[in-house]
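Geometric and topological summary
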Amino acid sequence: MSSKLVTVFGATGTQGSAVLRSLQSNTNNTFKLRGITRNPSSDSAKDLSSSGIEVVQADGWDKASLVAAFTGSWGAFVNTNSEDPVILNPEDKRTELELGKIIVDAAIEAKVEVFMYSGFSSAKEITKGEIVAASYDDKAAIFEYAKSSGAFKSVISASPGWYFESFLMTKVGKIFGGFPFIPSEDGTYVFRVPKWGGKEDVPFLAVGDDFGDIVHGIFLEPEKWDGRRAQGLSQIATFDEAVKAFEKATGKKSRFEAIENWKDLNVYGIPSLENVRLMFAFTQVSGGRYYGDETEVETSVALKKKGAEARGKAGEEVKLSTLESFFAREFEKQ
């Protein structure tokens with residue numbers, strides 16, 4: 001059987017690179033891989049190319065370049081960036097939904113059969129209009145647009161949870177009480193965020209360790225997932241449990257402090273972090289229904305296992321990551 005070409009839009013990003021790494025190590029050589037990037041001369045693009053992945057240049061706002069980039073592809077994995085400079089520019093009226101439609105239309109013209117999109121549930125729909133969050137609403141609409149086209153054999157939304165990796169971002173740590181970088185006056189690392197809502201069941205995801213394998217598992221049986229949203233997560237935990245995992249892994253005294261109302265989260269005027277604020281608005285008003293449905297990990301357990309086994313993994317390596325193991329690896333124990 002000849003290998004199927006999968007093209008990844010957003011190839012050098014956190015999600016795209018994780019997907020490419022997992023698919024590339026499929027032991028049956030099921031997939032050929034192509035990565036789309038705006039800048040093939042970047043270090044990250046060069047790293048992909050040197051690993052044997054075909055790297056092509058295209059711009060999401062340029063349909064012709066996308067059609068050329070998608071041509072010959074059996075499948076596509078697409079992650080649009082809500083923090084694209086065009087989208088964040090208040091003087092430019094283009095939206096993420098417009099970007100997504102251009103990409104979908106290009107994939108249709110290139111005769112892609114399997115279209116997988118990194119999407120979210122619609123905050124506006126789930127909260128009955130109370131919360132409007134463009135990054136969530138537009139991503140949900142892009143998935144629906146691809147489904148409604150009727151042009152693909154399978155259309156799937158692989159929906160990522162809260163990145164483990166966000167705990168490595170100092171910009172994010174600043175708005176969350178300094179955690180896990182800056183201790184409070186008493187030496188404790190304080191994670192200060194709004195309550196999640198509902199059962200406080202936050203879907204945390206190790207993108208680098210697990211998301212690629214989850215997507216890999218879907219690509220092995222795309223027809224099973226046609227028209228569906230797959231929850232992508234590694235561990236369901238409360239914020240208090242996440243902080244305790246950090247303390248256990250690092251030995252650093254830590255605690256969680258809840259902000260009762262999402263409106264009181266200070267994002268210091270940083271436009272890209274307004275999406276984080278609206279995420280809390282969405283989950284608080286919806287009762288924690290980040291995915292629209294009940295948050296569950298069983299889907300990710302099965303998909304991770306399937307994808308990891310296709311890479312020749314076994315035992316502990318086919319299991320989802322945990323916050324404790326992530327913190328232990330990334331932060332020195334004291």
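Here's a quick rundown of the structure. (Residues numbered from 1 in each chain as written. Predicted model: local features only at pLDDT ≥ 70, side-chain atom pairs only at ≥ 80, totals over all residues. Heavy atoms only, no water.)

1. A short note on the sheet that holds strand 10 (residues 229-232)
- One open sheet holds the seven strands; their spatial order is 3-2-1-4-5-6-10, and the pairing between them is parallel. Since the sheet does not close on itself, it has two edges, and those belong to strand 3 (54-57) and strand 10, each with one partner. Between one strand axis and the next, the sheet turns through 20° on average, direction left out of account.
- One ladder, built from four bridges, connects strand 6 (residues 154-160) with strand 10; its direction is parallel. Paired with S159 across the bridge in strand 10 is Q231. (Pairing = 2+ DSSP bridges. Helix = DSSP H or I, 4+ residues; strand = E, 2+ residues; numbered from the N terminus. Axes fitted to C-alpha atoms, helices over the stretch in contact; angles between N-to-C directions.)

2. Here we look at the packing of aromatic side chains
- According to the stated counting rule, one finds 40 aromatic pairs in the structure shown.
- Look at W196 and F280: their rings are 6.2 Å apart centre to centre, the planes differ by 85°, and that puts the pair in the edge-to-face class. Residue W196 is located in the loop between strand 8 (189-194) and strand 9 (202-205), and its partner F280 is located in helix 11 (residues 274-286); the two are separated by 84 residues in the primary sequence.
- We classify W196 as buried; its relative accessible area is 0%.
- Look at Y290 and Y291: their rings are 4.9 Å apart centre to centre, the planes differ by 85°, and that puts the pair in the edge-to-face class.
- What makes Y291 buried here is its relative accessible area of 2%. (Phe/Tyr/Trp six-rings, centres within 6.5 Å; stacked < 30°, edge-to-face > 60°. Buried < 20%, exposed > 50% of the residue type's maximum accessible area, 1.4 Å probe, protein only.)

3. Brief notes about the layout of surface pockets
- The space that makes up the largest pocket amounts to roughly 1,200 Å³.
- As for the largest pocket, its lining consists of 41 residues, and the residues nearest its centre are N79, N81, S82, E83 and Y163.
- Within the residue set of the lining of the largest pocket, elements represented by two or more residues are helix 1 (14-24), strand 2 (31-37), helix 7 (134-149), strand 7 (162-163), helix 8 (170-175) and helix 11.
- Among the residues making up the lining of the largest pocket, the classes are represented as 17 nonpolar, 17 polar and seven charged. (1 Å grid on protein atoms, 1.4 Å probe; cavity = no way out; pocket = protein on both sides within 12 Å on 5 of 7 lines; lining within 4 Å. Points joined across faces, edges and corners; volume = space filled by probe spheres on them. Nonpolar A, V, L, I, M, F, W, Y, C, P; charged D, E, K, R; others polar.)

4. Concerning the environment of E309
- For E309, the position within the fold is in helix 12 (residues 298-310).
- Residue E309 is classed as partly exposed on the basis of its relative accessible area of 38%.
- Separated by 96 residues in sequence, E309 and D213 have C-alpha atoms that sit 9.1 Å apart.

5. Things to note about the packing of helix 10 (residues 239-250) against helix 13 (residues 323-330)
- Interaxial distance between helix 10 and helix 13 falls to 8 Å at its minimum, and their mutual angle equals 45°. By the criterion of interaxial angle, the relationship of helix 10 to helix 13 is oblique. As for how helix 10 packs across helix 13, the hand of that crossing is right-handed. For the pair helix 10 and helix 13, the contacting residues are A242, A245, F246, K248, A249 and T250 in the first and L323, E324, F327 and A328 in the second.
- Class assignment for the residues of the contact of helix 10 with helix 13 results in seven nonpolar, one polar and two charged. (Parallel < 35°, antiparallel > 145°, perpendicular 65-115°, else oblique. Left-handed = near helix turned anticlockwise from the far one by under 90°. Contact = heavy atoms within 4.5 Å.)

6. Quick word on the sheet that holds strand 7
- Reading across from one edge, 7-9-11 is the order of the three strands in this open sheet, with mixed pairing throughout. Each edge of the open sheet carries a strand with a single partner, namely strand 7 and strand 11 (235-237).
- Pairing geometry for strand 7 and strand 9, over two bridges, is parallel. Along strand 9, the bridge assignment pairs Y163 with L205.

7. Some remarks on the pairing of strand 2
- Burial runs high along strand 2: six of the seven residues are buried.
- Looking at chain direction, strand 1 (residues 4-9) and strand 2 are connected through six bridges and run parallel. Residue F9 lies in a different strand from strand 2, and its bridge partner there is I36.
- The parallel pair strand 1 and strand 2, bridged by helix 1, forms a crossover whose chirality is right-handed.
- Alignment of strand 2 against strand 3, held across four bridges, turns out to be parallel. The residue bridging G35 from the neighbouring strand is V55, located in strand 3.
- With helix 2 (residues 43-50) bridging strand 2 and the parallel strand 3, this β-α-β connection has right-handed handedness. (Right-handed = clockwise from strand over helix to strand, strands pointing away.)

8. What to know about helix 12
- Taking 1.5 Å of rise per residue, the 13 residues of helix 12 would be expected to cover 18 Å, and the 19 Å separating its terminal C-alpha atoms lies within 8% of that figure.
- On its buried face, helix 12 is in contact with helix 9 (207-220) and strand 10.
- Backbone geometry just downstream of helix 12 places G312 in the positive-phi region, at approximately 85°. (Expected span 1.5 Å × (residues − 1).)

9. Considering the side chain of S73
- Note on placement: S73 falls in the loop between helix 3 (63-70) and strand 4 (75-78).
- We classify S73 as buried; its relative accessible area is 5%.
- One polar contact links S73 to T7, side chain to side chain, over a distance of 2.6 Å.
- Side-chain polar atoms of S73 contact the backbone oxygen of F70, separated by 2.8 Å.
- In contact with S73, not counting residues within four places along its chain, are L5, T7, R34, K111, V112 and E113. (Polar contact = N/O pair within 3.5 Å; in protein donor to acceptor, adjacent residues only side chain to side chain.)

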